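Residue strings, one per chain:
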Amino acid sequence: MKAEKNTVVAVAYSLKVDDGENGQELYESVQEDSPFYFLFGHQNVLPKFEEAIAGKEAGDVFSVAIDFENGYGDYDENKKVIIPKTSFKEEGKKNKDLLKVGNVIPMQDDKGNEMRGEIIKVDYLGVHMDFNPPLAGYDLAFEGKIISIREAQPVEIEHGHVHGPDGHHHH
């Protein structure tokens, strides 16, 4: 079976990133015994990553370099904001465990769009958050292998994402 629209592809890979100054550094490694599953053709991965896998079969290897423009874009200083600490109160109380540097918190903008922000500092001004994707501004280099490919279940196609290795998942 080939990697094409409405198939579930499992891949193992290593990802090296390059910030343009320090050369390539290993960022992530996904092993064959615990692969990354995604629904092909549903914009769940970077388009260039999917292009590199298109038409391949289980056992095939792939390699793809993706520059930052085709990855997660340029780092944008305007995506760093300061949010008042009162916005993080739960039932009127400050949640100390939540407001830790390095925590990534799901948030919503004023239009209800979901986004994730990393806490980079907490001080008297408020909670300093960075809403850039973690790999914004980095060139990416993937080396990997296709572990398996299967037909997607109708419910996975309907939902636009994988429900697990065998297609079963409880929402």
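Read on for a plain summary of the structure.

1. Some thoughts on the pattern of salt bridges
- If you walk through the whole model with that rule in mind, you get 6 salt bridges.
- A salt bridge links Glu57 to Lys2; the shortest N-O distance between them is 3.1 Å. Here Lys2 lies in the segment before strand E1 (7–18) and Glu57 lies in the loop between helix H1 (47–53) and strand E4 (61–66), a separation of 55 residues in the sequence.
- Note on Glu57: relative accessible area 34%, which makes it partly exposed.
- In this structure, Asp123 and Lys121 form a salt bridge, with 3.7 Å as the shortest nitrogen-oxygen distance.
- Here Lys121 falls in the partly exposed class, since its relative accessible area comes to 42%.

2. Considerations on the layout of surface pockets
- Here the largest pocket is characterised by a volume of approximately 330 Å³.
- As for the largest pocket, its lining consists of 15 residues, of which Tyr13, Glu28, Phe36, Tyr72 and Phe142 are closest to the centre.
- Within the residue set of the lining of the largest pocket, elements represented by two or more residues are E1, strand E2 (24–30) and strand E11 (139–151).
- Counted by class, the lining of the largest pocket contains 13 nonpolar, 1 polar and 1 charged residues.
- Quantified by volume, the second largest pocket comes out at close to 240 Å³.
- Tyr75, Val104, Arg116, Gly117, Glu118, Ile120, Asp130, Asn132, Pro133, Pro134, Ala136 and Tyr138 are the residues that line the second largest pocket.
- If one sorts the elements of the lining of the second largest pocket by residue count, strand E9 (residues 114–123) sits on top with 4 residues.
- Of the residues that constitute the lining of the second largest pocket, the class distribution is 7 nonpolar, 2 polar and 3 charged.

3. Re the nonpolar core
- With 22 residues, the main nonpolar core has Val9, Val11, Phe49, Ile53 and Phe142 as its most contacted residues.
- Mapped onto this core, the elements with two or more residues apiece are E1, H1, E4 and E11.
- It is E1 that provides the largest number of residues to this core, a total of 5 residues.
- The contact partners of Phe142, leaving out residues within four places of it in the chain, are Tyr13, Ser14, Leu15, Phe49, Phe62, Ser63, Val64 and Ile66.
- Of all hydrophobic cores here, the second largest spans 9 residues; its members include Ile105, Ile119, Met129 and Phe131.

About the thresholds
- Residues numbered from 1 in each chain as written.
- Predicted model: local features only at pLDDT ≥ 70, side-chain atom pairs only at ≥ 80, totals over all residues.
- Heavy atoms only, no water.
- Salt bridge = Lys/Arg side-chain N within 4 Å of Asp/Glu carboxyl O.
- Helix = DSSP H or I, 4+ residues; strand = E, 2+ residues; numbered from the N terminus.
- Buried < 20%, exposed > 50% of the residue type's maximum accessible area, 1.4 Å probe, protein only.
- 1 Å grid on protein atoms, 1.4 Å probe; cavity = no way out; pocket = protein on both sides within 12 Å on 5 of 7 lines; lining within 4 Å.
- Points joined across faces, edges and corners; volume = space filled by probe spheres on them.
- Nonpolar A, V, L, I, M, F, W, Y, C, P; charged D, E, K, R; others polar.
- Core = buried A, V, L, I, M, F, W, Y, C linked by side-chain atoms within 4.5 Å.
- Contact = heavy atoms within 4.5 Å.

Spatial relationships are all this shows, so hold off on functional conclusions.
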